[in-house]
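# Summary of structural features
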Amino acid sequence: TTPANTFGFVAMVALGLILVPLQHNSPLLAFLNHTPTSMIRFHIWIGLLIIAAALLHAGLYFYSWLYIHQQKSLSTMLLPPSRCILDIDFQIPDCHARHYCSCRGRIQNLLGLVGVLGLTLLGSASHWIVRRRHYDRVFYPLHLLLTFVFILLPCVLHWSPAMIILSPSLVVYVATLTVPAGVSVTTTT
């Protein structure tokens, strides 16, 4: 599972980078000597990297569970037993995969799946046809909802060190929201 974890780490680091170029009036753009248009291109490519790395992370784990750990179905590794609702420290009987024998491990797996599904839906909603034709009604609201509810929150709960990786870009993003709207950022060549 080391290659799977490597892809998960790549996705998390890229997720930390994707929020940086979002504000058009960001002083960071002037510092980096980039235009908002070039940063949108960067945002799109980083987004594609995140989706690819997250899908590889999940796919390698699915392969590991089915063929190495000989699980009969993915649902046994993704869905915690009903007893987990009352007792998160419950150890699942007849389990041979050490980490996945606890409710915490199964809940982490489920949250990872939610994050990957959110990324896949976000990637689909980001297709240029949807972006061009339905920006205000579909693309932008889905971007906000999926990013915070179905990607960032599950990713942080799936792997707690993610907050350390994501914090700097979240701070920069919030800080650039405070730049007055009348302030323009220009780059000199």
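About the thresholds
Residues numbered from 1 in each chain as written. Predicted model: local features only at pLDDT ≥ 70, side-chain atom pairs only at ≥ 80, totals over all residues. Heavy atoms only, no water. Helix = DSSP H or I, 4+ residues; strand = E, 2+ residues; numbered from the N terminus. Buried < 20%, exposed > 50% of the residue type's maximum accessible area, 1.4 Å probe, protein only. Contact = heavy atoms within 4.5 Å. Axes fitted to C-alpha atoms, helices over the stretch in contact; angles between N-to-C directions. Parallel < 35°, antiparallel > 145°, perpendicular 65-115°, else oblique. Left-handed = near helix turned anticlockwise from the far one by under 90°. Nonpolar A, V, L, I, M, F, W, Y, C, P; charged D, E, K, R; others polar. Phe/Tyr/Trp six-rings, centres within 6.5 Å; stacked < 30°, edge-to-face > 60°. Disulfide = S-S within 2.5 Å. pLDDT = per-residue confidence, 0-100. Expected span 1.5 Å × (residues − 1).

Bringing the overall build of the protein into the picture now. If you tally the helices and strands in the protein, you get 8 helices and 0 strands. In sequence order, the protein lays out its α and β elements as α-α-α-α-α-α-α-α. For the protein, with 189 residues in total, the buried portion stands at 34%. When contacts within the protein are restricted to residue pairs at least 6 apart in sequence, long-range pairs at least 24 apart make up 66% of them.

Looking now at the packing of helix 1 (residues 2–18) against helix 3 (residues 36–68). Running from N to C, helix 1 and helix 3 point in directions that differ by 155°, and their axes come no closer than 8 Å. Accordingly, the angle class assigned to the pair helix 1 and helix 3 is roughly antiparallel. For the crossing formed where helix 1 meets helix 3, the hand is left-handed. Between helix 1 and helix 3, the residues in contact are P3, A4, N5, F7, G8, V10, A11, A14, L15, L17 and I18 and F42, H43, I46, G47, L49, I50, A53, A54, L56, H57, L60 and Y61, respectively. Within the contact of helix 1 with helix 3, the residues separate by chemical class into 18 nonpolar, 5 polar and no charged.

So, about the packing of aromatic side chains. Considering all chains together, one arrives at 6 aromatic pairs under this definition. With a centroid separation of 5.0 Å and an interplanar angle of 40°, the aromatic rings of Y63 and Y67 are classed as tilted. Of this pair, Y63 and Y67 both sit in helix 3, 4 residues apart, roughly one helical turn. Aromatic pair Y135 and F139: ring centres 5.2 Å apart, planes at 35°, arrangement tilted. Here Y135 and its partner F139 are both found in helix 7 (residues 135–158), 4 residues apart, which amounts to about one turn of the helix. Judged by relative accessible area, which is 40%, Y135 ranks as partly exposed. Members of the aromatic cluster, joined through ring pairs, are Y61, F62 and W65.

Considering all chains together, one arrives at 1 disulfide under this definition. Residue C84 pairs covalently with C103 via a disulfide, S to S 1.9 Å. Sign of the S-S torsion, about -80° for the bond between C84 and C103, identifies this disulfide as left-handed. Of the two residues, C84 sits in the loop between helix 4 (75–78) and helix 5 (103–125) while C103 sits in helix 5, which places them 19 residues apart along the sequence.

Another point: the confidence of the model for the protein. One rule of thumb: low pLDDT means the predicted coordinates there are not for detailed reading. This prediction gives the protein a mean pLDDT of 83; 87% of its residues lie at or above 70. Across the protein, helix 1 holds the top mean pLDDT of 93, while helix 2 (residues 27–32) sits lowest at 75.

Moving on: the environment of S167. Examined against the element boundaries, S167 turns out to sit in helix 8 (residues 162–177). Taking the C-alpha atoms as reference, S167 lies 7.7 Å from G16; in sequence the two are 151 residues apart.

Next up on the list: helix 8. Spanning 16 residues, helix 8 covers 22 Å between terminal C-alpha atoms, matching the ideal 22 Å at 1.5 Å per step. Those residues of helix 8 lying buried are A162, L166, S169, Y173 and T176. Packing partners of the buried residues in helix 8 comprise helix 1, helix 2 and helix 7.

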